[in-house]
Amino acid sequence: MNQKKSPSFYQYWSPAGAGFLLNTTSIGLFGVYGLFVNVVADEFNSSAAALGIGMALIALVMGLAGPIIGPLLDRYSIKKIMVSGVLVMLLSFLALSRGSSLALMGLMLCCVGVGIALYGQLPANVMLVNNYIADRGRALSIAAAGASFGGVFLPPLAALLMSVFGWRNGLVGLAFICGTGALVSILFGLRHYKKLEPVIAPAESPTKDSEQPVKTSLLRSKAFWLTGICFGLSYAAGAIYSFALIPHAQNLGYDIQQAALILSVGGAFGFVGKISYAIYADKLRDKLIPTTFVLLSVQLLIWLTVIHT
């Protein structure tokens, strides 16, 4: 009797590595938004506060696209959806870099949000949940660390490109670097990806009558909505941090590259935190609520310290 060959280390963890790079090149891009605030505001004679609407538009579009993209990921090829998202992101950034008005640039930012939603965190998480069982928590934590990794090196890279080529061409260069990284991670990292099909006994097969109550109960679940709200608030805090820190540092007299390095320090510690959590993620499955409470309490104290410094 032939025994099924166990996957190699590369084959087993390559989807998690792909998720890491996909989050780096998608959610990681939020960290560079603040670098463009002052220079774009000066060119269009606008205020930094007005440009904050752009980040809100990206987040809004990604949120609205989630319920649409989710069912598509279950029905169609996740690789093709991700590749299409990368192409949408690239074309949108190219058009954004040539924008002649804030209204047109706002529209292109909405398209950027659609592209990121098609290949970023949501598809990456669905891919990992479909691929892992025993090490699911660790794989998701590794992938999540990609966003912080992007926060480490993307701001200095964007600042360098802006200093050398100007903000418009620098934006194009950054988009192509991230797009290339995302495509490579999809083509090579997902080469051994295979969706795990749940095993259901014939007697337990769901019927049409049993499917609808499950879907309805999820939307009526308090835990579902509380989790979504808390998740959204945590990301809102990160968005404010990414948007406000760079312009504030520039107003204090730092140049754009020095300000980018300040943001990189925060990204580095976020990366260490997520990797540390990845080590214990699967051991903390039954202690998620107290663990989350403690971590949020620590974060609150740190934010209060930063505000009053």
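Scroll up a little and you will see the structure.
Structure report, in brief. These numbers come from a predicted model, not from an experiment. (Residues numbered from 1 in each chain as written. Predicted model: local features only at pLDDT ≥ 70, side-chain atom pairs only at ≥ 80, totals over all residues. Heavy atoms only, no water.)

Focus on the overall build of the chain
Part 1: Within the chain one finds eleven helices and zero strands.
Part 2: Ordered by position from the N terminus, the helices and strands of the chain form the series α-α-α-α-α-α-α-α-α-α-α.
Part 3: Relative to its 309 residues, the chain shows a buried fraction of 38%.
Part 4: A separation of at least 24 residues holds for 83% of the contacts in the chain among residues at least 6 apart in sequence. (Helix = DSSP H or I, 4+ residues; strand = E, 2+ residues; numbered from the N terminus. Buried < 20%, exposed > 50% of the residue type's maximum accessible area, 1.4 Å probe, protein only. Contact = heavy atoms within 4.5 Å.)

A short note on a nonpolar patch on the surface
Part 1: Residues F293, V294, V298, L300, L301, I302, W303, L304, V306 and I307 make up a contiguous nonpolar surface patch of about 980 Å² in total accessible area.
Part 2: By the element assignment, I302 lies in helix α11 (residues 288–307). (Patch = residues over 30% accessible without salt bridge, like charges linked within 9 Å, V, L, I, M, F, W, Y side chains within 5 Å. Areas by Shrake-Rupley, 256 points an atom, 1.4 Å probe, with all protein chains shown as cover. Salt bridge = Lys/Arg side-chain N within 4 Å of Asp/Glu carboxyl O.)

So, the packing of helix α3 (residues 48–75) against helix α5 (residues 102–119)
Part 1: Where α3 contacts α5, the two axes come as close as 8 Å, and the packing angle between them is 35°. By crossing handedness, the relation of α3 to α5 is classed as right-handed. Contact residues: α3 offers L51, G54, L57, I58, V61, M62, A65 and I69, while α5 offers L102, G106, L109, C110, G113, V114, I116, A117 and L118.
Part 2: Residue classes in the contact of α3 with α5 are distributed as 14 nonpolar, three polar and no charged. (Axes fitted to C-alpha atoms, helices over the stretch in contact; angles between N-to-C directions. Left-handed = near helix turned anticlockwise from the far one by under 90°. Nonpolar A, V, L, I, M, F, W, Y, C, P; charged D, E, K, R; others polar.)

A few points about the packing of aromatic side chains
Two aromatic rings, taken as a pair, are described by how far apart their centres are and by the angle between their planes.
Part 1: Under the defined criterion, the tally for this structure stands at seven aromatic pairs.
Part 2: Between the aromatic rings of F149 and F271, the centroid separation amounts to 5.7 Å while the plane-to-plane angle is 50°, which identifies the pairing as tilted. Of this pair, F149 sits in helix α7 (residues 136–189) while F271 sits in helix α10 (residues 256–280); the two residues are 122 residues apart in sequence, bridging distant segments of the chain.
Part 3: Grouped by ring-pair contacts, the aromatic residues F20, F149, F153 and F271 constitute a single cluster. (Phe/Tyr/Trp six-rings, centres within 6.5 Å; stacked < 30°, edge-to-face > 60°.)

Points about the nonpolar core
Part 1: If you look at the biggest cluster of nonpolar residues, it comprises 66 residues, and the most contacted ones within it are L29, L35, F36, M82, F93, Y119 and L174.
Part 2: The biggest single contributor to this core is α7, with 15 residues.
Part 3: With sequence-adjacent residues up to four places away left out, M82 is seen in contact with L22, L118, Y119, P123, A124, M127, I186 and L190. (Core = buried A, V, L, I, M, F, W, Y, C linked by side-chain atoms within 4.5 Å.)

Describing α7
Part 1: The first and last C-alpha atoms of α7 sit only 17 Å apart over 54 residues, clearly below the 80 Å expected at 1.5 Å per residue.
Part 2: Of all the bends in α7, the greatest, near 125°, is centred on G166. (Expected span 1.5 Å × (residues − 1). Bend = angle between axes of the 7 residues up to and from the residue.)

Quick word on α10
Part 1: Compared with an ideal rise of 1.5 Å per residue, which puts 25 residues at 36 Å, α10 spans 37 Å between its outermost C-alpha atoms and is within 8% of the ideal.
Part 2: Among the residues making up α10, those that are buried are I256, A259, A260, L263, S264, G267 and A278.
Part 3: Measuring from the side-chain oxygen of the N-cap residue of α10 to the backbone nitrogen of Q257 gives 3.1 Å; that N-cap residue is D255. (Polar contact = N/O pair within 3.5 Å; in protein donor to acceptor, adjacent residues only side chain to side chain.)

As for the pattern of salt bridges
Part 1: All told, the structure shown has one salt bridge when counted by the stated rule.
Part 2: Between E43 and R168 there is a salt bridge whose closest N-O contact spans 2.7 Å. Taken together, the positions of E43 in helix α2 (residues 37–43) and R168 in helix α7 put the pair 125 residues apart, joining distant regions of the chain.
Part 3: Note on E43: relative accessible area 42%, which makes it partly exposed.

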